[in-house]
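What the coordinates show
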Amino acid sequence: MSSVFFERFERHAHGEGLKGHSTHYCPGCGHGLIHKYLAEAIAELGVQDRTVAISPVGCSVFLYYYLDVGNTQAAHGRAPAVAIGHKVANPNAIVVAYQGDGDLASIGLAEIMQACQIGLPMTFIFINNAVYGMTGGQMAPTTLAGMKTTTTPTGRTRLTGEPLKMAEIIGAMDGPVYVERCALFDNKQRVRAQKAIKKALRLQVEDKGLSFVEILSECPTHWKLTPAEAEKWVKEKMVPIFPLGVKKDLEAETERWFNLDPPQFDSARVLDVIGAVSRAPARFGEAFPSHIDAKDVAIKFAGAGGDGAQTIAMLTTRTAINEGFDSTHIPSYGPESRGGTSYADVHIATGEVLSPASPQPHILVAFNPPSLEKFGPHVQPGGIIIYDSSVVPTPPELDPNVQMVGVPCAQIAKQLGKVMVKNVVALGAMQAATNLFPRESFLATIRDALQKQSALLALNEEAFACGGTAYEEATNGTGA
Amino acid sequence: MASTKTKERPKPFLFPQFCKACGRCISACPKDCIEMGTEIHPATGFTPVVLDLEVCNGCGLCLSACPEPYGLMPAPADVDLELLEPETLLGERGSTAPTPEPIPDVRVPLPELETMILKGTHASAVGAILAGCRHFFGYPITPSTEGAELLAKLLPQLDGVFVQAVSEVATVNMIYGCGGAGLRCMTFTSSPGFSLMLEGISYMIGSEVPGVFFDVMRGGPGLGNIGPEQGDIKLACRGLGHGNTHAVVLAPSTPQEMLDLTMNAFDLAFKYRNPVILVSDGYLGQMTGRVQLPSYMIKPGLPEWAVHGDEAHRGNLICSIFLSEADLEQHNIHLLEKYDQIIHDEQRADLFHCEDAEWVIVASNTPARMAKGAVQQLRDRGVKVGLFRPITLWPFPIDALTRPLQRASGLIVVEAGAGQLEDELRLAASHAGIQDIPPIHRVSHYGGVLPQQQEIVDTVTALAGGIV
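Residues numbered from 1 in each chain as written. Chains lettered and ligands numbered in written order. Predicted model: local features only at pLDDT ≥ 70, side-chain atom pairs only at ≥ 80, totals over all residues. Heavy atoms only, no water.

A short note on the overall build of chain A
- On a plain count of helices and strands, chain A comes out with 16 helices and 15 strands.
- Rg of the C-alpha trace for chain A: 35 Å, well past the compact-globule value of 23 Å for 480 residues, more than 25% over.
- By principal-axis analysis of the C-alpha atoms, chain A measures approximately 105 × 55 × 45 Å.
- Residues counted as buried form 59% of the 480 residues belonging to chain A.
- In chain A, 64% of the contacts between residues at least 6 apart in sequence involve partners at least 24 apart.
- With an accessible surface of roughly 18400 Å², chain A has 53% of that area assigned to carbon and sulfur atoms.
- The positive charge centre, built from 41 side chains, and the negative charge centre, built from 48, are 10 Å apart in chain A. (Helix = DSSP H or I, 4+ residues; strand = E, 2+ residues; numbered from the N terminus. Rg over C-alpha atoms; globule rule 2.2 N^0.38 Å. Buried < 20%, exposed > 50% of the residue type's maximum accessible area, 1.4 Å probe, protein only. Contact = heavy atoms within 4.5 Å. Areas by Shrake-Rupley, 256 points an atom, 1.4 Å probe, with all protein chains shown as cover. Lys, Arg positive; Asp, Glu negative; His and termini not counted. Charge placed at Lys NZ, Arg CZ, Asp CG, Glu CD.)

As for the overall build of chain B
- Secondary structure summary: chain B contains 16 helices and 21 strands in total.
- Taking 23 Å as the expected radius of gyration for a compact globule of 468 residues, we find that chain B reaches 30 Å, considerably beyond that expectation.
- C-alpha extents for chain B along the principal axes are approximately 105 × 50 × 40 Å.
- Scored against the burial criterion, the 468 residues of chain B give a buried share of 60%.
- Restricting the contact set of chain B to residue pairs at least 6 apart, pairs at least 24 apart contribute 79%.
- Surface summary for chain B: the accessible area is close to 18300 Å², and the carbon and sulfur share equals 53%.

So, the nonpolar core
- Core analysis: the biggest nonpolar cluster contains 169 residues, and Phe212 of chain A together with Leu130, Met186, Ile201, Ile277, Leu293 and Ile361 of chain B have the highest contact counts within it.
- Of the residues forming this core, the biggest block, 10 residues, is contributed by helix H10 (residues 255-272) of chain B.
- For Leu130 of chain B, the contacting residues outside a window of four places in its chain are Val270 and Ile274 of chain A together with Leu110, Leu259, Met263, Leu293, Pro294, Met297 and Ile298 of chain B.
- Of all hydrophobic cores here, the second largest spans 48 residues; its members include Leu67, Val69, Ile125 and Tyr178 of chain A. (Core = buried A, V, L, I, M, F, W, Y, C linked by side-chain atoms within 4.5 Å.)

What about the pattern of salt bridges?
Residues and elements named next belong to chain A.
- Taken as a whole, this structure holds 38 salt bridges over all chains when the rule is applied.
- Glu44 is the partner of Lys198 in a salt bridge, and the nearest nitrogen-oxygen pair spans 2.8 Å. One end of the pair, Lys198, is in helix H7 (residues 187-205); the other, Glu44, is in helix H1 (residues 30-45), with 154 residues separating them in the sequence.
- Assessed through its relative accessible area of 31%, Lys198 is described here as partly exposed.
- In this structure, Glu461 engages Arg447 in a salt bridge whose closest nitrogen and oxygen atoms are separated by 2.8 Å. Separated by 14 residues along the polypeptide, Glu461 in helix H16 (residues 457-474) and Arg447 in helix H15 (residues 439-449) bring together distant segments of the chain.
- Each of the salt bridges in this network shares a partner with another, and the network as a whole consists of Lys199, Arg202, Glu206, Lys208, Asp249 and Glu251. (Salt bridge = Lys/Arg side-chain N within 4 Å of Asp/Glu carboxyl O.)

Focus on the packing of helix H3 (residues 79-89) of chain A against helix H7 (residues 168-180) of chain B
- Closest axis-to-axis distance for the H3 of chain A/H7 of chain B pair is 7 Å, and the angle between their directions is 40°. On the basis of their axis angle, the class for H3 of chain A and H7 of chain B is oblique. The crossing of H3 of chain A and H7 of chain B is right-handed. Contacts from Ala81, Val82, Ile84, Gly85, His86 and Ala89 of chain A of H3 of chain A reach H7 of chain B at Ala170, Asn173, Met174, Tyr176, Gly177, Cys178 and Gly180 of chain B. (Axes fitted to C-alpha atoms, helices over the stretch in contact; angles between N-to-C directions. Parallel < 35°, antiparallel > 145°, perpendicular 65-115°, else oblique. Left-handed = near helix turned anticlockwise from the far one by under 90°.)

Considerations on the side chain of Gln114 of chain A
- With respect to the helices, strands and loops of the structure, Gln114 of chain A is situated in helix H5 (residues 109-118).
- A relative accessible area of 8% means that Gln114 of chain A is categorised as buried.
- The contact partners of Gln114 of chain A, leaving out residues within four places of it in the chain, are Gln164, Ala165, Val166 and Met174 of chain B.

What to know about the sheet that holds strand E21 (residues 440-444) of chain B
All names here are of chain B.
- Strand order in the open sheet made by the five strands is E16-E18-E17-E20-E21, with mixed pairing throughout. Of all strands in the sheet, those with a lone pairing partner are strand E16 (349-352) and E21, marking the two edges. Going across the sheet, the axis of each strand differs from the next one's by a mean of 20°, ignoring polarity. (Pairing = 2+ DSSP bridges.)

A closer look at the interface of chain A and chain B
- Every contact between the two is made by 103 residues of chain A and, on the other side, 102 residues of chain B.
- For the pairing of chain A and chain B, the buried interface totals around 8600 Å² over both sides, and the portion due to carbon and sulfur atoms is 59%.
- The interface formed by chain A and chain B contains seven salt bridges.
- The salt bridge involving Lys295 of chain A is made with Asp380 of chain B; its shortest N-O contact spans 3.8 Å.
- Looking at side-chain class alone, the side of chain A that touches chain B contains 51 nonpolar, 31 polar and 21 charged residues.
- As paired elements, strand E2 (residues 70-73) of chain A and strand E15 (residues 317-318) of chain B share two bridges and run parallel to each other. Within E15 of chain B, the residue paired with Thr72 of chain A across the bridge is Ile318 of chain B. (Buried area = accessible area lost by both parts, 1.4 Å probe. Nonpolar A, V, L, I, M, F, W, Y, C, P; charged D, E, K, R; others polar.)

Observations concerning the sheet that holds strand E4 (residues 123-128) of chain A
- Strand order in the open sheet formed by eight strands is E9(A)-E7(A)-E8(A)-E4(A)-E3(A)-E1(A)-E2(A)-E15(B), with mixed pairing between adjacent strands. Edge positions in the sheet fall to strand E9 (245-249) of chain A together with E15 of chain B, since each has one partner strand and no second.
- Relative to strand E8 (residues 211-216) of chain A, strand E7 (residues 178-183) of chain A runs parallel, the two sharing six bridges. Directly across from Ala183 of chain A, in E8 of chain A, lies its bridge partner Leu216 of chain A.

Examining the domain arrangement of chain B
- On domain assignment, one finds that chain B holds domain 1 (3-90), domain 2 (106-345) and domain 3 (349-463).
- Computed over C-alpha atoms only, the centres of domain 1 of chain B and domain 3 of chain B are separated by 74 Å. (Domains from an automatic or database assignment.)

Digging into a positive patch on the surface
Residue and element names in this part refer to chain A.
- Residues Lys188, Arg192, Lys195 and Lys235 make up a contiguous surface patch of positive charge.
- Looking at which element gives the most residues to the positive patch, the answer is H7, with three residues.
- By relative accessible area, Lys235 is classed as partly exposed at 49%. (Patch = residues over 30% accessible without salt bridge, like charges linked within 9 Å, V, L, I, M, F, W, Y side chains within 5 Å.)

Structural notes on the environment of Ala39 of chain A
- Secondary-structure assignment places Ala39 of chain A in helix H1.
- Expressed as a C-alpha distance, the spacing of Ala39 of chain A and Lys198 of chain A, which sit 159 residues apart in the sequence, is 9.6 Å.

Shown next as structure tokens:
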């Protein structure tokens, strides 16, 4: 009698009458034994207060009736995921997941595999009785070949699969530190099971790793055998298919490794990590670019993925916000993030950006012919289009009220030694063409963006300047 | 163990009413001291085993073979076993666990900070950190992944934990465990992933476990596409798994609200011990804009109900099982009262030019921004139009809409979805006893297409009898 059992099982039908001190298990069921060994191990290791037991769905769903520890009842098969949640929430908690064969080896296969792959120090007790108990004797993944269940009424056949040998599967994984299969059919096996459960728990207490103990357990009710016959059946029928013994034990060569520092809540540290600053950015503009629109300027940057349209869209938004205006940037990618179409909508508003889409932009920057053909016709009268004339030799005929300027962005960038900066060339041209914000304002944003890649700064500054010059050349300095 | 050598080992003792007569002890006893009884016990209907302990040496093997916790047990010393009753030996109490006290959250003031420029999902991730979330569980899915990626980078720098789960099903159950341990944790997902989480959300609601779910909605049904849609409003508002479930559903429409509402979501989740759902469209998730940080951050405490794995919280249970129908009905009544309180206290809406509006547009998330632009454009022309933007989709903020409804000649629901927002409006009006709803018109798109400002302007212009 271990003190880890509740003195009275109040959660069992309000603990009235016999239910205050009896389990809900059928006579001869193995679960009660395993509960006892688990309770004893928790008591002997002195971890009752730290233990969180995860009850599964299955006959042992009511584990929380009995163990006077922290209890969480999990959805069918999900105990390993719930266990991970508990363990990372409190690394000092001793987390025990207790699962049956349907729960662990059928519906919850993905979860147990991941938990064992990660190998956080936790304890998994897997009860294999080759049958679904709670739902009334259906086939389990561990049901033996030829065995009759309510869903294999003529016996399990090849068509319904071979019994799943979980201890061997888990034992072959890198994550766990200790894996053993035990049984309960005689005194010797019971002593082994007791020891295995205690060891599985101890390895967690010592922060050494994940343990998995499979226990072949009797289900006299659904096997339609007496308890004594059921013990014999495990020994004679199950053990040949599910060999007993240690499948993996790395205790000797494993050091205590699991250690998580408590999360930090120091405000200075938090602000540093999220990149918040109290210094104001430099401002250069005098006023909102109302020569383009009184309240809200819409811009579209368009090209193929990799053209850098998103980057200069973002630089434009940053510049606008740094100047004290509201601005939004929305990217729209093709199905691939490289090589597909990529366009960006940017808005800059005096007050608040309302609709952030730019179906009819004031400014279009186009890096290839399809972009120019697709978006060019929608540019507002009085607007401006900058296109990369190195890839658009003959631009389409568009509204004469829209100014079109070809700037050989790619060619200039190539001459500068890095074709990648063609977008910054285009940005320089756009600045010169629109005077959206002063040159210095864009340059400050570029410098800020390249803080950690200062080697690229000179190249980008040059590209930006060349873009401006190229615009002046393309328009013969007339600006139109 | 040492003491057993110096004194006699205890022999087994049995309260016969706790014996189920399985007989496992019989074969365990090397001295044949135990045999199956023949008398039926009147309380159990079993025939308890009979002990004859003449030759018993107290080896204890029978104790280890008895599956019942209060079946065969070591005989207590110095008592008259004949007169022993379970109550005197086993005690009355269910548990000796202490009664835990809640540890309150602390609001830590922050200095004045510069405006940040953040993508929507990033703003939400930053909001989560400021709200005290240090644990994230998730499965990558476009277009929500950038939020997860940022937390994967930032959380370890704060000794937080980022776990990439094996699936969305595992994700929600990790949140169930971590939230059940009393911690603030969250996930980012998108529509197909959100569908997979619904079972777990039902468990969380049933077990009263808080947690924050951010669904960046994309085009459906099925795999659909990664374009922006609002096709999960029905799931979030009406379909949170099985059972009588509800959760606060927050719908941000700017990067600033992505941060602010994510912070609110954690407070609401813990206030009500219930999940909170944030929904945005993929457009908003990807949208970069300015974000002002709040004047405080949260250092979370620990609620008294948590299953934390420590002494104070040992007596706690996270569980959604109520076997007796009467108990489960009571639990449902408790949940329904909670929902009623949420409906009463948590409705939130943003009204723009609704005070004299003859035409009221109803829209949320990004479509609300398109609609706001349309309202501005129409007002410039003198059309009396307003925007009613629900910030809580559930509870739908019907109270704030009551007055505009009285004046309006028509409502125009603008949504990237097939009437899901409209259904929330209709249900809320119906429940609020509002009989006369003006005709409801629609500007809807599906499949990743957003309603645009101009078509909203055109629709309202046509309704108002003007020339498009």
